[in-house]
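Architecture at a glance
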There are 2 protein chains.
Amino acid sequence: MTVTVKEPSQPSVLTIAGSDSSGGAGIQADLKTFTALGCYGTSVITALTAQNTTGVQGIHPCPPEFVKQQLQSILDDIELKAIKTGMLHDASITHVVAETLKAHYGAAVPPLVVDPVCVSTSGHTLLQPEAVATLVSELFPLAALITPNKSEAELLLSHCGSPTKLESVQDMLPAAKKLLSSGCKAVLLKGGHITANMNEVKSISAAHPEIHVVHEGLLGENMEILQVSEEDPSVKGLVIDVLQQADSTTLFVQPHVESSSTHGTGCTLSSALACALARGKDFVEATRMATVYTHLGIETATPIGRGHGPLNHIHSIVIRSVPQPTPSVPHPLTRVLIESCRETWKAYVQHEFVKQLGQGILARECFLHFIKQDYLYLRYYARAYALLAAKSSTFSSIQAATGTIINVLNEVSMHRDYCAQWGITEDELKATPESPATTAYGAFILDTGLQGDSARLIMALAACLLGYGEVGLWLKKEAAQPNSWVKLEGNPYQKWIDDYSGEVYQKAVKLGLATIEVMAVADPPSSVRFQEWQSTWERCVRLEKGFWDMSLGLL
Amino acid sequence: MTVTVKEPSQPSVLTIAGSDSSGGAGIQADLKTFTALGCYGTSVITALTAQNTTGVQGIHPCPPEFVKQQLQSILDDIELKAIKTGMLHDASITHVVAETLKAHYGAAVPPLVVDPVCVSTSGHTLLQPEAVATLVSELFPLAALITPNKSEAELLLSHCGSPTKLESVQDMLPAAKKLLSSGCKAVLLKGGHITANMNEVKSISAAHPEIHVVHEGLLGENMEILQVSEEDPSVKGLVIDVLQQADSTTLFVQPHVESSSTHGTGCTLSSALACALARGKDFVEATRMATVYTHLGIETATPIGRGHGPLNHIHSIVIRSVPQPTPSVPHPLTRVLIESCRETWKAYVQHEFVKQLGQGILARECFLHFIKQDYLYLRYYARAYALLAAKSSTFSSIQAATGTIINVLNEVSMHRDYCAQWGITEDELKATPESPATTAYGAFILDTGLQGDSARLIMALAACLLGYGEVGLWLKKEAAQPNSWVKLEGNPYQKWIDDYSGEVYQKAVKLGLATIEVMAVADPPSSVRFQEWQSTWERCVRLEKGFWDMSLGLL
């Protein structure tokens, strides 16, 4: 049984945009978004900027032929699932981008999101005025989606001979339709700079029942319990984005958020759109996902810099607590567990009891005491697996747990035979009072099973299974050394060593290892949950050591 | 009770390096690493490359004064916790970087990792030969750590007048010491291109007991059970990195991995080092974390491109299943749960039973049937909170669960009074046979509590608490409409509506909401675990609807 990691695929996406040294916008925002959404990012840089949260201090455009060379290097080698463009700086760069994409892909350009960046938030010109014509005539026809904001849309409309001021949602609807006629497949007209309220949405819905409205971040029907303030959100102000496709219009309604962490909002949105399109989402779902991602990026941002700070791009991810298995480290969870309490683990495996047993000098009464308590412990252990079966949700996990109960029952009957060989009758076994160390360990496992889920119970059961396997292999390994302190021949406990180092038991160990490793891969624990696993494991390792202590000291 | 998100801080880090269009190396690899390790990335681009996995097709260096301008924009605005440099291209860029850092920080440069990139994996010169002197004399003295590989170390040693061929770990030790004398605080001499075996490590350890050895990815003591092959790893080949500090030497030993996904290994390692130093880790711990991150990046990579593919930078992260709470969406988990079964939720809240109750036309016997079954249900409900108390791990959670039991017991006595008003005696209540819908719902909650952890049980209990709260608020909201269909005055069930829409019950709803939202923030569920929560929630919503069905149909 090997642990295989089924990673979700990482579609490759490309950004063609400027570089923002401060990391909040441009290809930096794009690459961060791609990474946080699980995509593989590539980038063609059109211009370098010296920039920070207070503004753009300088621009160094890249020669168009070098833009082409960067793009060609990527196209020649990497299969792209989506592309976005941001700041293209001038007409010749815009032209070379369109031309190179057309030459490579013909009519089959991957989903292309064009963010028609013209002016920075801080007012810096990011696209030469004469480049607008090139953008519209050459790049828009290749685009799946263009994502203008208010001022970009006004510029584009003016260029298309329909100068319009966008002051309301009502203005946005015909504008989005007009922009669609420029040749792209869809238009996402962003309303971030246009205040709107719910009454406008309602009157649009009434007049145009065919318009679909997506409320993200607003309360839907029967969410009265989630209302946190008496304030009507329609009064507070909404942000409405209009998605215009050939045969449908969709409004995306979100509450307006007051924040100064908005540097790179447009870049982030178009990148998130590219990620969603790369995964095959349709325009509506892609827009929903991208607006939610961007909105959360603004709302969860902490201030960076003295001006308009960047969004938080990593709100969508959690750092793993347990590394993934690899060919060279196939058991990362078990390794982390053992390393987390290395000294206690060693004190358990290399216990004085084990050493004396390996040397064959362990006092007979200590071994008998151990064997009798182990017998009593196995009753808890079998019950714990029965509890695990009861906590299972599939027939296969019920079967696995039940299989272990049967193995334990077999082990118990071996125990009886074993004890008989040492002169202990079954009645004597049954009459043996339980040591506190036995009760502590057995009851702790059952308590863990009552308290937690099956993963936590499996953790509690692992220290015994794996530890005895380790003791067996350690003694066997030591025995193989020249002039070893471990004595196998003539050792009264040889059978015990053979049993735990033998094939049957080691097969169970391998299965146990695979079980816990698969568990951590399938359902990666948060740091809090991993902490619970770790403390359960460590506690059991200590209880195992206590069991040897008890056996040596006859407590 | 508000849900607050305690985000781990995102230290700001800076990379000063080249751009790799294909995204595997350069500032792209650096930004991906920063993001995947939870840091905020900024970047100064020294040169653009047109590059892919097969090689470097072109280089366009940035004018030194523009490198300075980018750097200055960042330094003026953002507080950096660590800096790394990669490809610096030529002497004038190297000089301007050193000069600008010195001018800004004086003697207090943040931890600076200098990756002395000279030649690409594919053999392309990335640092002009005459720049080596500038690198050594101007930048190394500012560095916390330099990270040369074999060929870079040989070049640097030759420059320092000690030409040396590095063929073995034995050669690396004096070389690392020699490099340290160049003025940096520490040297990480990377052994990726030097084959080594465990015998060499052992003989070094024997001769130099003061040298600390960190085995990452190799089995430690008492890990026999994790041995997957009989093969001795010392035969297979190891990679050994040497960390030389002023007063100590540390060897980092890892198994050698055969892989073609190595494009950007050096960039990734130095970026990961910068992240760890930014969080205040010491050199040994930072090196351990960075080598593990990089090693896993190689081992978990899937092929991209036709040549030496990039590392997988996102092995360290998991995509969140539940968004974080924000001021505009303070209850993201509950919202996702409700939206995940919107129709069923509506069928429960706006049930015909509820509507007739709101109108005051509900048949008396239906209400009495409901009230009697609800009484029986509350016994399960109280037991479920008792089970939750038993599954708790803190006194405060035991107290919270117990508080709810007491509330339920009070509700039960109200129920009795209520029933008495309707002419039902306590004996009649006790003698009422339990409906299958009541048993199904009650037993499902207890079964969930047996099967899962306390989070899952809380999920099972939420639909009842929140749903009745929603029913109360919905009826109250509808009643407030002009000419409402809901009738409060003279409604025989007015008290019921008042109770569930009233302050006391709604306070409990708010507390319940906060509890589940806090749970998702503190212990973010994996997608598998979230799926369990969702299906538990949905099941309970259906069972609630079934309870109204039963009450209407008198089943």
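In this text the structure is predicted, and so the values were computed from the model without any measurement.

Parameters and conventions
Residues numbered from 1 in each chain as written. Chains lettered and ligands numbered in written order. Predicted model: local features only at pLDDT ≥ 70, side-chain atom pairs only at ≥ 80, totals over all residues. Heavy atoms only, no water. Contact = heavy atoms within 4.5 Å. Buried area = accessible area lost by both parts, 1.4 Å probe. Polar contact = N/O pair within 3.5 Å; in protein donor to acceptor, adjacent residues only side chain to side chain. Helix = DSSP H or I, 4+ residues; strand = E, 2+ residues; numbered from the N terminus. UniProt positions renumbered as here; feature names shortened; annotations may be inferred. Pairing = 2+ DSSP bridges. Axes fitted to C-alpha atoms, helices over the stretch in contact; angles between N-to-C directions. Buried < 20%, exposed > 50% of the residue type's maximum accessible area, 1.4 Å probe, protein only. pLDDT = per-residue confidence, 0-100. Least-squares fit on C-alpha atoms with pLDDT ≥ 70 in both.

Our next topic: the interface of chain B and chain A. Counting from both sides, the interface comprises 115 residues of chain B and, opposite them, 116 residues of chain A. At the boundary of chain B with chain A, total buried surface from both sides reaches about 9,400 Å², with 57% on carbon and sulfur atoms. The largest contributions to the chain B side of the interface with chain A come from Asp77(B), Asn222(B) and Ile225(B), which together make up 8% of the buried area. Across the chain B-chain A interface, the total number found is 62 residue pairs in polar contact (both at pLDDT 80 or more). With 10 residues, strand β2 (residues 40–52) of chain B is the largest single contributor of residues to the side of chain B that touches chain A.

Here we take up the UniProt feature "domain: Pyridoxamine kinase/Phosphomethylpyrimidine kinase" (unreviewed entry) in chain A. The UniProt entry lists residues 20–207 and 238–312 of chain A under the feature "domain: Pyridoxamine kinase/Phosphomethylpyrimidine kinase" (unreviewed entry), expressed in the numbering used here. Secondary structure content for residues 238–312 of chain A is 41% helix and 21% strand, while the C-alpha to C-alpha distance between its ends is 21 Å.

On to the sheet that holds strand β5 (residues 112–114) of chain B. Residue and element names in this part refer to chain B. With mixed pairing, 10 strands are arranged side by side in an open sheet as β3-β2-β1-β4-β5-β6-β7-β9-β10-β8. Here the strands that pair on one side only, and so sit at the sheet edges, are β3 (55–61) and β8 (212–215). Judged from the three bridges that link them, strand β4 (residues 82–85) and β5 form a sheet pairing that is parallel. Note on β5: the bridge partner recorded for isoleucine 83 is leucine 112. Across the sheet, helix α6 (residues 169–180) lies against β6 (145–146), β7 (186–189), β9 (238–245) and β10 (248–255), angled at about 30° from β9, the strand it touches most.

Residues and elements named next belong to chain A. With respect to the helices and strands, the residue threonine 46 is situated in strand β2 (residues 40–52). Judged by its relative accessible area of 0%, threonine 46 falls in the buried class. One polar contact links the side chain of threonine 46 to the main-chain amide nitrogen of glycine 18, over a distance of 3.4 Å. Non-local contacts of threonine 46, meaning those with residues more than four positions away in its chain, are made with Ile16, Ala17, Gly18, Pro61, Cys62, Val67, Met87, Leu88 and Ile93.

Our next topic: the UniProt feature "domain: Thiaminase-2/PQQC" (unreviewed entry) in chain A. In the numbering adopted here, UniProt assigns the feature "domain: Thiaminase-2/PQQC" (unreviewed entry) to residues 341–552 of chain A. Strand forms 0% of residues 341–552 of chain A and helix 82%; the C-alpha atoms that close the span are 23 Å apart.

Per-chain confidence: chain A averages 93 in pLDDT, with 96% of residues scoring 70 or above. Two summary scores accompany this predicted model of the complex, namely pTM at 0.94 and ipTM at 0.93.

Turning chain B through 180° and shifting it by 0.0 Å along the axis lays it on chain A, with an RMSD of 0.0 Å. Both copies of the chain, as the preceding transformation shows, are related through a two-fold rotation axis. Residues of chain B ranked by C-alpha distance from the rotation axis are headed by Asp453(B), positioned 2.2 Å from it. The share of interface residues of chain B whose copies in chain A are also at the interface is 100%, consistent with both copies meeting through the same surface.

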